Protein chains: 2
Amino acid sequence: MNRRKGRHAGSEVRKSEIIHAALEHFSASGVSQTSMADIRSRSRASTGSIYHHFKSKENLAAEVFLEGIRVYQKGILRLLGEETGAREGIHAVVAFHLKWVQEHTTWARYLFQHRYASFMASTEEEITRLNRDFLQHVSAWFERQRRQGSFRDLPLDISVSLILGPCMEYTRQYLSGQAITGVDQAIAEISDALWHSLCEDPVSVTGHRALSHGGDR
Amino acid sequence: MNRRKGRHAGSEVRKSEIIHAALEHFSASGVSQTSMADIRSRSRASTGSIYHHFKSKENLAAEVFLEGIRVYQKGILRLLGEETGAREGIHAVVAFHLKWVQEHTTWARYLFQHRYASFMASTEEEITRLNRDFLQHVSAWFERQRRQGSFRDLPLDISVSLILGPCMEYTRQYLSGQAITGVDQAIAEISDALWHSLCEDPVSVTGHRALSHGGDR
DNA sequence: ACTTGACTAGAATATGATTCTAAAATAAAA
DNA sequence: TTTTATTTTAGAATCATATTCTAGTCAAGT
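All of the points below concern the structure found in this document. (Residues numbered from 1 in each chain as written. Chains lettered and ligands numbered in written order. Predicted model: local features only at pLDDT ≥ 70, side-chain atom pairs only at ≥ 80, totals over all residues. Heavy atoms only, no water.)

**Section: unusual backbone geometry**
Excluding glycine, most residues fall at negative phi; most peptide bonds, likewise, are trans.
Residue and element names in this part refer to chain A.
Part 1: Even without glycine at this site, Arg44 takes up a positive phi of about 60°.
Part 2: For Arg44, the position within the fold is in the loop between α2 (36-43) and α3 (47-53).
Part 3: When its relative accessible area of 70% is taken as the criterion, Arg44 is described as exposed. (Helix = DSSP H or I, 4+ residues; strand = E, 2+ residues; numbered from the N terminus. Buried < 20%, exposed > 50% of the residue type's maximum accessible area, 1.4 Å probe, protein only.)

**As for the protein's contact with DNA strand D**
Part 1: DNA strand D sits among 20 residues. The nearest are A:Ser11, A:Ser49, A:His53, B:Met36 and B:Tyr51.
Part 2: The sugar-phosphate share of atoms of DNA strand D within 4 Å of the protein amounts to 67%.
Part 3: Contacts to DNA strand D include A:Ser11, whose side-chain N or O atom sits 2.8 Å from a phosphate oxygen.
Part 4: One of the side-chain N or O atoms of A:Ser49 is found 2.8 Å from a phosphate oxygen in DNA strand D.
Part 5: When residues of the surface near DNA strand D are assigned to their parent elements, the largest contribution, five residues, is made by α3(A). (Near = heavy atom within 4 Å. Polar contact = N/O pair within 3.5 Å; in protein donor to acceptor, adjacent residues only side chain to side chain.)

**Things to note about the protein's contact with DNA strand C**
Part 1: As a structural note, the neighbourhood of DNA strand C is formed by 21 residues, with A:Met36, A:Tyr51, B:Ser11, B:Ser49 and B:His53 the closest of them.
Part 2: Atoms of DNA strand C within 4 Å of the protein: sugar and phosphate make up 67%, bases the balance.
Part 3: At 3.5 Å from a base oxygen of DNA strand C is found a main-chain nitrogen or oxygen belonging to B:Gly48.
Part 4: Of all the secondary-structure elements, those providing two or more residues to the surface near DNA strand C are α3 of chain A together with α1 (11-29) and α3 (47-53) of chain B.
Part 5: Element by element, the count of residues in the surface near DNA strand C is highest for α3(B), at five residues.
Part 6: Each residue belonging to the surface near DNA strand C can be placed in one class, and the counts come to three nonpolar, 14 polar and four charged. (Nonpolar A, V, L, I, M, F, W, Y, C, P; charged D, E, K, R; others polar.)

**Here we look at the pattern of salt bridges**
Part 1: What the rule picks out here adds up to 25 salt bridges over all chains.
Part 2: With its nearest N and O atoms 3.5 Å apart, the salt bridge here joins A:Arg129 to A:Asp133. Taken together, the positions of A:Arg129 and A:Asp133, both in helix α8 (residues 125-147) and four residues apart, correspond to about one turn of that helix.
Part 3: Residue class for A:Arg129 comes out partly exposed when judged on its relative accessible area of 37%.
Part 4: The partly exposed category is assigned to A:Asp133, whose relative accessible area is 30%.
Part 5: For B:Arg146, the salt bridge is made with B:Glu143, and the minimal N-O distance between the two is 2.8 Å. Of this pair, B:Arg146 and B:Glu143 both sit in helix α8 (residues 125-147), three residues apart, which is roughly one turn of the helix. (Salt bridge = Lys/Arg side-chain N within 4 Å of Asp/Glu carboxyl O.)

**Some remarks on the environment of B:Ser16**
Residues and elements named next belong to chain B.
Part 1: The topology assignment puts Ser16 in helix α1.
Part 2: For Ser16, a relative accessible area of 32% gives the class partly exposed.
Part 3: In sequence terms Ser16 and Glu67 are 51 residues apart; their C-alpha atoms lie 10.0 Å from each other.

Shown next, in the form of structure tokens:
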């Protein structure tokens with residue numbers, strides 16, 4: 001009955017080739033500095049082929065974004081599902097994020113340096129959907145932790161800002177080569193600091209702080 | 001002697017008109033979605049005139065960015081020059097940033113939603129210079145505070161991430177209409193949290209925390 | 001008044017995104 | 001296998017828009 005599904009074998013492959021060719025250029029030079037000709041020559045696909053798979057350059061950019069953000073979010077959500085304690089949870093999230101950036105530099109450059117780019121917001125409601133679902137899971141985790149008295153009772157948007165903000169800012173510095181502190185130390189420092197800014201009563205829970213850091217800078 | 005400055009009267013005015021026309025569009029729709037024709041018609045300047053004052057669209061975008069960031073940075077630096085205590089300093093910076101965003105929404109949309117955009121990094125070394133100078137002042141302030149024992153001894157890039165990150169992340173939410181918490185409360189929450197993540201020994205310095213927040217969210 | 005260089009105007013050009021037409025490849029039907 | 005329908009690819013044609021070019025206008029100094 002589903003005779004309408006006459007998918008060709010190599011089609012997905014070709015689409016993926018285009019996405020990855022685009023990623024390379026977008027990540028290295030940004031979307032606006034990348035021409036369709038660049039993508040065409042790197043992917044060895046024709047104009048027609050590209051426009052068959054993607055509605056426009058903007059749409060291609062969005063699909064590349066989606067492909068990356070899906071992988072990233074899946075990783076974070078797996079962590080939160082593991083139901084560790086609050087402090088471990090925070091550390092795990094920070095570590096995951098920074099290591100992911102370190103190991104997927106090309107993706108990270110595109111995803112996070114262009115995070116606020118305009119083409120995302122307007123078009124592509126799937127991005128909105130992904131973000132909403134993601135936020136929902138994250139806030140559920142938070143609520144659970146808060147009920148156990150691990151976190152203080154902060155508004156969700158503030159909590160998100162406090163956690164995500166430092167990670168993103170360090171990421172930005174790291175990607176632009178301006179970070180002095182290495183990733184491992186950054187994970188330790190940031191998660192430690194976050195814990196103290198989020199938890200109900202930092203000192204009584206753990207007597208020590210500043211687990212490690214050399215005398216740099 | 002300065003005969004080379006055969007400035008025409010209205011020239012600066014015209015240039016400024018172009019910048020502000022561009023700002024409106026850039027802020028509302030982003031640089032790539034704005035055409036030179038848009039800017040031309042809003043500023044009532046001709047193509048030739050625009051290209052006389054600015055090398056290219058990219059350069060125009062950079063100059064708009066510069067104009068905004070200068071004002072913003074000047075405000076922050078004034079605060080840091082006032083040599084208040086560490087905690088007051090943090091609060092003042094957070095408050096300044098968020099109120100500035102609230103009062104200069106148009107500028108903020110452009111400056112901060114496009115902060116990581118590519119055209120800034122590559123071209124326009126004046127932006128680099130501004131940022132370097134700014135960072136230098138900020139780090140000097142930090143070093144002074146740290147010597148007085150107010151802050152713990154964190155690497156500069158980490159400190160910057162911890163402070164700037166939450167402000168920027170909240171800003172992003174605020175500008176995209178996703179913030180739940182109001183600006184005043186956000187200032188209180190964020191600066192309180194920052195203090196606990198940065199200071200040497202939060203509890204002994206001030207016994208209380210969470211100065212204010214309603215039971216929202 | 002005249003010369004000079006900054007400034008403005010708008011047409012011409014160039015670059016690059018998108019559309020269009022047709023053909024090749026593939027899968028399903030006969 | 002041959003036929004038919006559908007998807008996918010190709011590349012030329014088109015269209016949108018950023019930039020350049022040529023010719024002027026204007027303000028100030030001589």
